[in-house]
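# Architecture at a glance
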Amino acid sequence: MLSPEKVAALVSEAMHAREHAYAPYSAFPVGAALLLDSGAIVTAANVENASFGLSICAERAAVVRAVAQGSRRYLAIAVIGPKELDLTPCGACRQFLSEFGLDIEIITMRAGQPRAQPLRELLPEAFDAESLP
Ligand code: THU
């Protein structure tokens with residue numbers, strides 16, 4: 001269970017990361033702040049492309065950064081869209097995050113307030129490594 005202070009810190013970090021979003025096509029900047037089990041925070045933003053399908057969401061960018069730094073254990077991720085609008089991770093990001101655990105707390109905004117819920121609630125019956133023969 002994350003303290004309200006930790007949740008607020010993650011939201012703040014995600015808002016700062018959002019400033020670096022590259023979203024010229026959607027004009028929908030998103031920032032993410034991933035809390036590692038070490039207590040460190042890895043941030044990222046969405047990065048779009050003229051070939052739209054190549055765009056990457058902020059959440060997946062954060063996971064890629066963390067893995068590349070040698071960190072694979074995550075406690076939580078805050079995801080903040082433009083003007084702190086309500087937002088929920090896309091299906092691709094839910095699946096991508098699930099590779100590293102369904103207990104990761106997903107922090108998103110609901111009516112201007114941060115809400116935390118475990119990934120397993122957002123991705124029931126997840127496809128995972130054990131689904132493979
Ligand atoms: N996006 C994210 O980065 N994270 C989400 O949770 C939802 C969507 C991005 C993808 C695209 O660059 C833009 O927001 C509009 O869909």
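Residues numbered from 1 in each chain as written. Predicted model: local features only at pLDDT ≥ 70, side-chain atom pairs only at ≥ 80, totals over all residues. Heavy atoms only, no water.

### As for the pairing of strand β5 (residues 113–118)
Across six bridges, strand β4 (residues 105–110) lies against β5 in antiparallel orientation. Each residue of the ladder has a partner; that of Met-109, found in β5, is Pro-114. Between β4 and β5, which pair antiparallel in sequence order, lie two residues; one of them, Ala-111, sits at a positive phi of approximately 50 degrees. (Pairing = 2+ DSSP bridges. Helix = DSSP H or I, 4+ residues; strand = E, 2+ residues; numbered from the N terminus.)

### As for the site of the ligand
Every residue near the ligand is listed here: Ser-26, Phe-28, Val-30, Asn-46, Glu-48, Cys-57, Ala-58, Glu-59, Leu-87, Thr-88, Pro-89 and Cys-90. A distance of 2.5 Å separates an oxygen atom of the ligand from a polar atom in the side chain of Glu-48. Contact between the ligand and Glu-59: an oxygen atom at 2.6 Å from a side-chain N or O atom of the residue. Relative to its unbound accessible surface of 380 Å², the ligand loses 79% to contact with the protein. Its residues assigned to classes, the shell around the ligand shows seven nonpolar, three polar and two charged. (Near = heavy atom within 4 Å. Polar contact = N/O pair within 3.5 Å; in protein donor to acceptor, adjacent residues only side chain to side chain. Areas by Shrake-Rupley, 256 points an atom, 1.4 Å probe, with all protein chains shown as cover. Nonpolar A, V, L, I, M, F, W, Y, C, P; charged D, E, K, R; others polar.)

### Brief notes about a nonpolar patch on the surface
Together, Tyr-22, Tyr-25, Val-47 and Phe-52 make up an exposed nonpolar region whose accessible area comes to about 440 Å². The topology assignment puts Tyr-25 in the loop between α1 (4–18) and β1 (31–36). With relative accessibility at 43%, the residue Tyr-25 sits in the partly exposed group. (Patch = residues over 30% accessible without salt bridge, like charges linked within 9 Å, V, L, I, M, F, W, Y side chains within 5 Å. Salt bridge = Lys/Arg side-chain N within 4 Å of Asp/Glu carboxyl O. Buried < 20%, exposed > 50% of the residue type's maximum accessible area, 1.4 Å probe, protein only.)

### What to know about the side chain of Glu-48
With respect to the element layout, Glu-48 can be found in the loop between β2 (41–45) and α2 (58–68). Notably, Glu-48 is buried but unbridged: the nearest opposite-charge side chain belongs to Arg-60, and the N-O separation is 10 Å. Polar contacts involving the side chain of Glu-48 include one to the main-chain amide nitrogen of Tyr-25, which spans 3.1 Å. Ignoring any residue separated from it by four or fewer positions in sequence, one finds Glu-48 in contact with Tyr-22, Ala-23, Pro-24, Tyr-25, Ser-26 and Ser-55. (Lys, Arg positive; Asp, Glu negative; His and termini not counted. Contact = heavy atoms within 4.5 Å.)

### Thoughts on the environment of Ala-17
Residue position: Ala-17 is located in helix α1. For the pair formed by Ala-17 and Ser-3, sequence separation is 14 residues and the distance between their alpha carbons is 21 Å. Excluding its chain neighbours within four sequence positions, the residues that come into contact with Ala-17 are Gly-31, Ala-32, Thr-43, Ala-44 and Ala-45.

### Description of the nonpolar core
Formed by 22 residues in total, the largest nonpolar core has its most connected members in Leu-34, Tyr-74, Ile-77 and Ile-106. Elements that contribute at least two residues to this core include exactly β1, β2, α2, β3 (74–80) and α4 (119–122). Ignoring anything within four residues of it in the chain, the contact list for Ile-106 reads Ile-77, Pro-89, Leu-97, Arg-115, Ala-116, Gln-117, Leu-119 and Leu-122. Counting eleven residues, the second-largest nonpolar core is a separate cluster that includes Leu-10, Val-11, Ala-14 and Met-109. (Core = buried A, V, L, I, M, F, W, Y, C linked by side-chain atoms within 4.5 Å.)

Shape is all these values report; function is a separate question.
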